[in-house]
Amino acid sequence: MLNKFRELRALNTFAKKQSVGMQRKLMLYWVSMILVVFAAVILLLSIAGAFSQNDEQLHEVMELQLKNTQDSLASRLDRLTAQSLNLSKELSREIEGELVREGISLQEVNDDSERLLKLQQIMYPLVNTTLQTANCNGAYVILNATANTTLEVADHSRSGLYLRYTNLSASNPVAPTVVYFRGIPDIARQKDLELHNRWNLEFDTDQIPGCRELMDTPLDRPAQRYFWSRRIDLKDTWESAMLLCVPIVGSDGSVYGVCGVELSALYFQLSYPAAEGQFGSAVTVLAPIQDSRLLLSDGLVGSVNGTYLDGQETLAIHQGRYYNEYDTGAERYIGLHQTISISKGETEDTAWAAAILIPQDSYAAYTAEIQKTWIIAALGLLVVLLALSFFLARRFVRPITDSLKRFQQEELPEQGLSSGISEVDELAEFLNARARNQRLEQGELPPNIAELFDQFVARKDLLTEAERNILRYYIDGHEIADIPDLAFISMSTVRKHNRSIYEKLGVASRDELMLYIDLFRRCGRLQELL
C-alpha cells in the first residue's frame, strides 16, 4: 500500500512538470472569466429578486388554506342551520300543541306569567338538547310575547330562553359550564343552573337587528327565510357574538318567535387558531364585504396570535395577481377571500366571505431572508470565480510575460527549468542551445518550433495583397489605429482584414500575432514574413 502511494505521488510530480500548450491555458482562462461574468449576472438578478417564486408559493399555500377554511365554515354553518331548522320545527309543534290544549292564541299569553313559564318549561329540553349536540356555544328561543305589556320597553322586550356555555378556554375545551342567560328564573332553579351574572328576564330584540321583522313576517316554512346576524355585543357583557335567527312558524303561517344558536367571538377564536407557517400566522375570518371593504367588526375572527389584529378593523381590499392586500390604514395584511352564503331570504346587499389573512410584515421578512440567501450564494460564487480567475492569471499568463521579459533582456532560463508553457519552453531550449554553441544558423531550430514556424510561413501565402500590406504595417510596429490613414481605408475594413488574417494564419488575436512576429524577429527569420 505504501508503494502504491509513493507511485501516485511520483506520477503527480511528473504531471506537474509537464508543459501545457498556450492555447489550452488561454482557453481555460477565458472560460474562468466568462464564469465570473455569469456569476455577476446571477448576483444582480438575485438582488433584483428575479429568482424569487415566493408569490406563487404563497398563492398556492393560501389558496389551499382558503379552500379548507371555506369548506370547514360552510359545513359547520350548514350543520348549525339544519339543527336550528329542526329546533324550529320541534318548538313549533310543542308551542302549537300547548296553545291548542289551552284553547288560546299566542297573543293571549301576554301578561300571563304562569303560561309563559309553562311554555318555557316545554321549550327548555329542546333548547338544551340543541346546545349539547350543536357545535356552538349558545342556543336560544324568543317568543313573540312579553310578561308585561304596560312597561315602556314592552314593544321590544320578549320572553324566551337563552342557554350559554361559560368559562370557555383553550385549556378546558371539553367540559364548559352551562349558564342561564335569559328566561324565567324558576327554570334555572328547577334545573339547578347558575344564572349568568348579567341575567335578564327577557330579550331586548332591538339588540338583534332583523329579529322583529322576522317575527312580524308571515311565512310558509322556516327554511323560507333565516339569517345570521352581524356580530352584536351581548347586552351588559364584554362578549360579542353572531346569532342564527330562524323563525318558528305555525301551521297557519303565523310566526311564534325566533330560535337559533350562538357563535361567540371567543368560541370562534378557540375553534380557529392561527395557522403558523413559513410565511407567517394565518388568521381565519368570517365577515361581511361591502364596497370592497372587509368588515371585521361585524364578523368573527379566529385566533390572532402573531398578528396585530384586534377584530374591530375595517380592511380596504386591493386586488392583486397572486394575493390581495387588506389595508387598515395603520397595518397591512395579505391574503385571499371567497364569498360564502350563510343566510336565505335576506334582501341585504352585503355579501359574506371567508378569508385568510397574513401580516405583510411577516411575509416581507420571509422574502427578505430568501433573497438574502440567494444574494449570499451568488456573492460567494462570484468571489470563488474571481479568485479562480486571478489564480489562473498568475499561473498561466505570468510565466509567459516573465519568459518574454527574460528573452528581451537576453537572460535565458537554466537548463531543465520549465515555465509550464510548451511553446515558451521549446523556444527557451532552442535559445539555450544557440548560446552554448555560439552559433545560430537560419532554420536551426528544434523540430517542433521549426515546424511551427514553417507552418506559419506557409499560411502567410494564403493572404491577399491587401492583407499582406496590413501584416507589413504590424511588422513595422504600427498600431491598429494607424492603419486606416496609412492604407487609406476605413477602420471597419481594417477589422475585416484583421479577421481574415487571424483566420488564415491560425491565431486568435492581435497579441498572439505580435508574439509570432517578435519570435520571428528574434530568430532572424522575420524576412520570411516580408
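Quick look at the structure, then. (Residues numbered from 1 in each chain as written. Predicted model: local features only at pLDDT ≥ 70, side-chain atom pairs only at ≥ 80, totals over all residues. Heavy atoms only, no water.)

## As for the pattern of salt bridges
Definition in use: The salt bridge criterion pairs a side-chain nitrogen of Lys or Arg with a carboxyl oxygen of Asp or Glu, the two atoms within 4 Å.
According to the stated counting rule, one finds 18 salt bridges in the structure shown. Residue D327 is joined to R332 by a salt bridge in which the shortest nitrogen-to-oxygen separation is 3.1 Å. Overlapping salt bridges bring together E98, R101, E102, D112, R115 and K118 as one network.

## With respect to the packing of helix α3 (residues 54-102) against helix α4 (residues 113-133)
Cut-off, in case you're wondering: For every element, the axis is a line fit to its C-alpha atoms; helices are fit only across the contacting stretch, and the angle between N-to-C directions ranges from 0 to 180 degrees. The numbering of helices and of strands both runs from the N terminus, where a helix is a DSSP run of H or I of at least 4 residues and a strand a run of E of at least 2. Any angle that falls under 35 degrees is termed roughly parallel, while one over 145 is termed roughly antiparallel, one within 65 to 115 roughly perpendicular, and all others oblique. In this scheme the handedness of a crossing depends on how the near helix is turned from the far one: anticlockwise by less than a right angle means left-handed, clockwise means right-handed. By the convention used here, residues are in contact when the closest approach between their heavy atoms is within 4.5 Å. Residue polarity follows a fixed list, in which Ala, Val, Leu, Ile, Met, Phe, Trp, Tyr, Cys and Pro are nonpolar, Asp, Glu, Lys and Arg are charged, and the others, Gly among them, are polar.
Here α3 crosses α4 at 160°, and the two axes come no closer than 10 Å. In terms of orientation, α3 lies roughly antiparallel with respect to α4. Seen along the crossing, α3 lies across α4 with a hand that is right-handed. The segment α3 lies against α4, with Q83, L87, E90, L91, E94, I95, E98, R101 and E102 engaging R115, K118, L119, I122, M123, L126, V127, T130 and T133. A per-class count over the contact of α3 with α4 returns 8 nonpolar, 3 polar and 7 charged.

## Considering helix α11 (residues 465-475)
Counted only if it meets this: Burial here depends on accessible area, computed with a 1.4 Å probe over protein chains only, as a share of the maximum for the residue type. Under 20% is buried, over 50% is exposed, and the range in between is partly exposed.
All of the buried residues along α11 are E467, I470, L471, Y473, Y474 and I475. Backbone geometry just downstream of α11 places G477 in the positive-phi region, at approximately 95°.

## Focus on empty space enclosed by the protein
Rules: Buried and open spaces are told apart on a 1 Å grid over the protein atoms alone, a cavity being a set of points where a 1.4 Å probe fits but cannot get out and a pocket being an open set with protein on both sides within 12 Å along at least five of seven lines. Residues with an atom within 4 Å of a point are the lining residues. Grid points are joined across faces, edges and corners, and a volume is the space filled by probe spheres set on the points.
Under the criterion given, the structure shown has 1 cavity of 30 Å³ or more. Considering only enclosed or pocket space, the largest cavity measures out at about 40 Å³ in volume. Lining the largest cavity are E98, L99, E102, I104, V109, R115 and L119. Secondary-structure elements contributing two or more residues to the lining of the largest cavity are α3 and α4. In terms of residues, the lining of the largest cavity owes the most to one element, α3, which gives 3 residues. Looking at the lining of the largest cavity residue by residue, the class counts come to 4 nonpolar, no polar and 3 charged.

## Thoughts on the side chain of D327
The following threshold applies: Polar contact is defined as a pair of N or O atoms within 3.5 Å, subject to the rule that within protein one atom must be able to donate a hydrogen and the other to accept it, and that residues adjacent in sequence are counted only when both atoms are side-chain atoms.
Its place among the elements puts D327 in strand β15 (residues 324-327). A distance of 3.1 Å separates a polar atom in the side chain of D327 from a polar atom in the side chain of R332.

## Side note on the pairing of strand β14 (residues 314-318)
Heads up, the rule is: In this analysis, strands are considered paired if DSSP registers two or more bridges between them.
Taking every second residue as pointing to the same face, the buried face of β14 carries L315 and I317, while none of T314, A316 and H318 on the other face is buried. Sheet topology places strand β12 (residues 293-295) next to β14; 3 bridges connect them, and they run antiparallel. Residue pairing in the sheet places L294 in a bridge with L315 of β14. Both β14 and β15 contribute to a ladder of 3 bridges, which runs antiparallel. Bridging across to β15, H318 finds its partner in E325. Hairpin connection, β14 to β15: the antiparallel pair is bridged by 5 residues.

## With respect to α3
Residues lying three or four places apart along an α-helix face the same way, a consequence of the helix completing one turn every 3.6 residues. Which entries qualify depends on this criterion: Multiplying 1.5 Å by the helix residue count minus one yields the expected span of that helix.
Its 49 residues give α3 an end-to-end C-alpha distance of 70 Å, which sits within 8% of 72 Å, the value for a rise of 1.5 Å per residue. The positive-phi residue at the C-terminal boundary of α3 is G103, with phi of around 70°.

## Overview of the nonpolar core
Put simply, the rule reads: Residues enter a nonpolar core if they are buried and are Ala, Val, Leu, Ile, Met, Phe, Trp, Tyr or Cys, with the set joined through side-chain atoms within 4.5 Å.
Residues L91, I95, V141, L163, W228 and L263 are the most contacted members of the largest nonpolar core, which totals 53 residues. When sequence neighbours within four positions are dropped, the list of residues in contact with V141 reads L91, M123, V127, S159, G160, L161, F203, I248, V258 and C259. By size, the runner-up hydrophobic cluster in this structure holds 24 residues, among which are V457, L463, Y516 and C523.

## Topic: the layout of surface pockets
Where empty space is left can be seen by rolling a probe of water-molecule size over the atoms. Quantified by volume, the second largest pocket comes out at close to 360 Å³. Contributing to the lining of the second largest pocket are 23 residues, with R182, N200, E202, F203 and D204 lying nearest its centre. Of all the secondary-structure elements, those providing two or more residues to the lining of the second largest pocket are β2 (157-166), β3 (177-182), β5 (202-204) and β7 (232-233). Considered class by class, the residues forming the lining of the second largest pocket number 12 nonpolar, 6 polar and 5 charged.

## A look at the packing of α11 against helix α14 (residues 510-522)
The geometry of α11 relative to α14 is characterised by a closest axis approach of 10 Å and an angle of 70° between their N-to-C directions. Between α11 and α14, the angle is such that the two are roughly perpendicular. Viewed along their axes, α11 and α14 form a crossing whose handedness is right-handed. Seen from α11, the contacting residues are L471, Y474 and I475; seen from α14, they are R510, L513, M514, I517 and R521.

## Considering the pairing of strand β17 (residues 351-359)
Counting buried positions along β17 yields 8 of 9 residues, so the element is predominantly enclosed. Relative to β17, strand β11 (residues 280-289) is paired through 7 bridges, and the arrangement is antiparallel. Bridging from a neighbouring strand, V283 pairs with L357 of β17. Sheet analysis places strand β16 (residues 332-340) next to β17, joined by 8 bridges and oriented antiparallel. For H337, the partnering residue across the bridge sits in β17 and is A355.

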